[in-house]
Amino acid sequence: MVALEAIREQQSLPELASRFNIHPTQISNWDRAFLEGPEHVFAKNSSKDKKSEKELDQLYQKIGKLEVEKDFLKKA
């Protein structure tokens, strides 16, 4: 969102930095990265999403296992 605001150039970098409480250099870096290749920006996020999905699946499996163990111990 910040990079898109910077690309629109409706506000200066110091104004955007103040508005979003971010250093102007960071906004410039995001702006440059987005303009150089937005597909790369989104591709990085998608690989993180896949990793997050895998971790989430592992956590759900662990929860399921613990629920089964809990039910077994309740019956014992």
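Given the structure is predicted, the values throughout are model-derived calculations rather than measurements.

Caption draft 1: Structural detail: the overall build of the protein. Secondary structure summary: the protein contains 4 helices and 0 strands in total. Listed by position from the N terminus, the elements making up the protein come as α-α-α-α. On the protein, roughly 6,600 Å² of surface is accessible, and the fraction owed to carbon and sulfur atoms is 56%.

Caption draft 2: Structural view of a nonpolar patch on the surface. Together, Leu 56, Leu 59, Tyr 60 and Ile 63 make up an exposed nonpolar region whose accessible area comes to about 420 Å². On the secondary structure map, Tyr 60 appears in helix H4 (residues 38-75).

Caption draft 3: Fine view of the nonpolar core. Grouped together as the largest cluster of nonpolar side chains are 5 residues: Val 2, Ala 6, Leu 16, Ala 17 and Ile 27. The set of elements that each furnish at least two residues to this core consists of helix H1 (2-8) and helix H2 (13-20).

Caption draft 4: Local environment of the side chain of Asp 31. Note that Asp 31 resides in helix H3 (residues 24-36). Arg 32 is the oppositely charged side chain nearest to the buried, salt-bridge-free Asp 31, at an N-O distance of 7.7 Å. Those residues in contact with Asp 31 that lie beyond four places of it in its chain are Ala 3, Ala 6 and Ile 7.

Caption draft 5: Structural view of the pattern of salt bridges. Scanning the model with the defined rule gives 1 salt bridge in all. The partner of Lys 70 in a salt bridge is Glu 67, and the shortest N-O contact between them spans 3.6 Å. Here Glu 67 and Lys 70 lie together in helix H4, a separation of 3 residues that amounts to about one turn. Relative accessible area serves as the criterion here: at 39%, Glu 67 is assigned to the partly exposed category.

What counts as what
Residues numbered from 1 in each chain as written. Predicted model: local features only at pLDDT ≥ 70, side-chain atom pairs only at ≥ 80, totals over all residues. Heavy atoms only, no water. Helix = DSSP H or I, 4+ residues; strand = E, 2+ residues; numbered from the N terminus. Areas by Shrake-Rupley, 256 points an atom, 1.4 Å probe, with all protein chains shown as cover. Patch = residues over 30% accessible without salt bridge, like charges linked within 9 Å, V, L, I, M, F, W, Y side chains within 5 Å. Salt bridge = Lys/Arg side-chain N within 4 Å of Asp/Glu carboxyl O. Core = buried A, V, L, I, M, F, W, Y, C linked by side-chain atoms within 4.5 Å. Buried < 20%, exposed > 50% of the residue type's maximum accessible area, 1.4 Å probe, protein only. Lys, Arg positive; Asp, Glu negative; His and termini not counted. Contact = heavy atoms within 4.5 Å.

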